[in-house]
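Coordinate inspection notes
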Amino acid sequence: MDRYDVIIIGTGAGGGTLARHLAPSGKRILLLERGDWLPRELDNWLTESVFVDNRYVSPDTWYDRDGRAFQPGVHYYVGGATKLYGAALYRLRKEDFGELRHRDGISPAWPIQYDELEPYYTLAEQRYQVHGARGEDPTEPPASAPYPHPPVSHEPRIQQLADDLAAAGHQPFHAPCGIMLDESSPAFSTCIRCANCDGFPCLVHAKSDAEVLGVRPALEQPNVTLLTGAKATRLETNEAGTSVTDVVVDLNGSEERFTADVVVVSCGAANSAKLLLQSANDRHPDGLANGSDQVGRNYMFHDSTAVLALSREENETAYQKTLGLNDFYFGADDVEYPLGNVQMVGKSQAAMFRGERPRETRLAPEWTLERMAKHAIDFWLSTEDLPRPDNRVTVDRDGNITLTYTETNAEAKRQLYGKVKSLLGKLDMNPDHLIHRFAYMKNDIPIAGCAHQAGTCRFGTDPATSALDVSCKAHELDNLYVVDTSFFPSIGAVNPALTAMANALRVGDHLLERL
Ligand SMILES: Cc1cc2nc3c(=O)[nH]c(=O)nc-3n(C[C@H](O)[C@H](O)[C@H](O)COP(=O)(O)OP(=O)(O)OC[C@H]3O[C@@H](n4cnc5c(N)ncnc54)[C@H](O)[C@@H]3O)c2cc1C
Ligand code: SF4
């Protein structure tokens, strides 16, 4: 059996970032990835292939609490979900690390404070080449360094939106973007600034994803090995149950075993919980790291709404994700609890609407889908989803995932929508229509949109109420770590990837010391 110093299971925002950080140490590192390399092909940028045929959504079946099967929006590739992500690379707010009172209850405090993660946020922004501007967003947490790259400029319609928001008394800011765009030297820029970014793979490898900026640089070191088609199915422990001894892997259909001094699980929040739960043994009858009964619980994925507003003029923007607005993050003049973050989402294209007629809107007949796409300005509204023990991932004997979920903060989500809608008249947009994009886009069941999944192995200081300790090591095992979005005790209302990356670097430093 092959023995390594470290095995990392999963190569997404958590695992890929950690691999690159550990690679220069010279330690023998094995990366196990159930997926393959995402093929570079013209389909990467074909809207129909990506949004209608779901070419890059991995075939998996999960079940909801009523036993209904659904296909989750998961992406099993080298680089994980970051291959398809929108690369909006936000830090959590400083206040998100403390206790925050919400409409539906308390968002709990983290066992570490913002200041402890800050140096790693800075490093993560450098590793992932984030473009942004400090000082524009009033909710921005303190930072020890400027963004490594200047903000991505707004295209004219979004610049007008920024100006109109400012004139209405708001504080829009340049959103932090992970794209390798060099506007000062377009001929040498890796990124060509296109419309097919958010939700698409990048054909020219210009998106700051965990394959391009995590796994590939790690593999430049001779001590790092990657196996694709390598699905971890079970972790086995020594007899005392104190250490993981074997990682059992389905390697392209045949069972293999690997062993390492340190085993890191980074399969994404649902699949990391699944792997721990299905590794139950006599010493850990409810699953590894699960003496607290927290593994799989507290599943969060943001109360998000994708909406489009109709601009009076056509919106010719290609890359739309350049603007953010956090004026409602902690509430509003008339609302005393947090509402959330407003940002742009990739520009609507008629092909995304699957040729459906509008179902839930009362648009006049002249609003064909093509015309609607031309005038669309697309927003992504995110309200914090609170951790609830009953919102959870469970696994049956055959390894099937059930996702039991009840929405939290629905009223806050509605209020955030109302706030944005009330602004439209001042933004040169049709004041009557802020249209839910799921009315047009395929989204059969809301919990299938699990892009921002988190929370299933929360970290904490108390082994009775958390699965992981402050270093993201399982309380009950001396060599098992979980380094992906599973460790989040709360999710805030900004996108999670940069926090997963920063935490992977923090745990990486701990592992470098330990090794
Ligand atoms: C369309 C889309 C848009 C998004 N946009 C943004 C955005 O703009 N900003 C942002 O911050 N976040 C965004 N996200 C979310 C972001 O991508 C995730 O939060 C982040 O990738 C999570 O990192 P992770 O390490 O937890 O999991 P992942 O990145 O999903 O990585 C998990 C990896 O583990 C592998 N794996 C799973 N099970 C096993 C197993 N048993 N054995 C071996 N390997 C396994 C998977 O194949 C995968 O490679 C988006 C996500 C999607 C899908
Ligand atoms: S905008 Fe840039 S990073 Fe995004 S898909 Fe296009 S070329 Fe790639």
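Everything below is about the structure shown above.
Residues numbered from 1 in each chain as written. Chains lettered and ligands numbered in written order. Predicted model: local features only at pLDDT ≥ 70, side-chain atom pairs only at ≥ 80, totals over all residues. Heavy atoms only, no water.

Within the structure, ligand 2 sits among 13 residues, and Cys191, Ile192, Cys194, Cys197 and Cys202 are positioned closest to it. Of the residues that constitute the shell around ligand 2, the class distribution is 10 nonpolar, 1 polar and 2 charged. (Near = heavy atom within 4 Å. Nonpolar A, V, L, I, M, F, W, Y, C, P; charged D, E, K, R; others polar.)

In the contact formed by helix α1 (residues 13-22) and helix α9 (residues 497-514), the axes pass within 8 Å of each other and the chain directions differ by 40°. Our classification of the angle between α1 and α9 gives oblique. Seen along the crossing, α1 lies across α9 with a hand that is right-handed. Note on element contacts: α9 touches α1 through Ala497, Ala500, Met501, Ala504, Leu505, Gly508, Asp509, Leu511 and Leu512, opposite Ala13, Gly14, Thr17, Leu18, His21 and Leu22. Looking at the contact of α1 with α9 residue by residue, the classes come out as 10 nonpolar, 4 polar and 1 charged. (Axes fitted to C-alpha atoms, helices over the stretch in contact; angles between N-to-C directions. Helix = DSSP H or I, 4+ residues; strand = E, 2+ residues; numbered from the N terminus. Parallel < 35°, antiparallel > 145°, perpendicular 65-115°, else oblique. Left-handed = near helix turned anticlockwise from the far one by under 90°. Contact = heavy atoms within 4.5 Å.)

Now for the sheet that holds strand β18 (residues 429-436). The 6 strands lie next to each other as β7-β13-β14-β15-β12-β18, forming an open sheet whose pairing is antiparallel. Strand pairing shows two members of the sheet lacking a second neighbour, β7 (173-174) and β18, which therefore form its edges. Pairing between strand β13 (residues 323-325) and strand β14 (residues 341-344): 2 bridges, direction antiparallel. Bridge pairing in β14 places glycine 324 opposite glutamine 343. The strands that helix α4 (residues 156-167) touches are β12 (303-311), β13, β14, β15 (376-383) and β18; relative to β13, the one it contacts most, it runs at about 25°. (Pairing = 2+ DSSP bridges.)

Core analysis: the largest hydrophobic core is formed by 133 residues, its most contacted members being Ile9, Leu235, Leu276 and Leu480. Residue contributions to this core peak at 9 residues, all from α9. Beyond its immediate stretch of four places on either side in the chain, leucine 480 contacts Leu235, Val244, Val263, Val265, Leu276, Leu288, Cys472, Lys473 and Ala474. (Core = buried A, V, L, I, M, F, W, Y, C linked by side-chain atoms within 4.5 Å. Buried < 20%, exposed > 50% of the residue type's maximum accessible area, 1.4 Å probe, protein only.)

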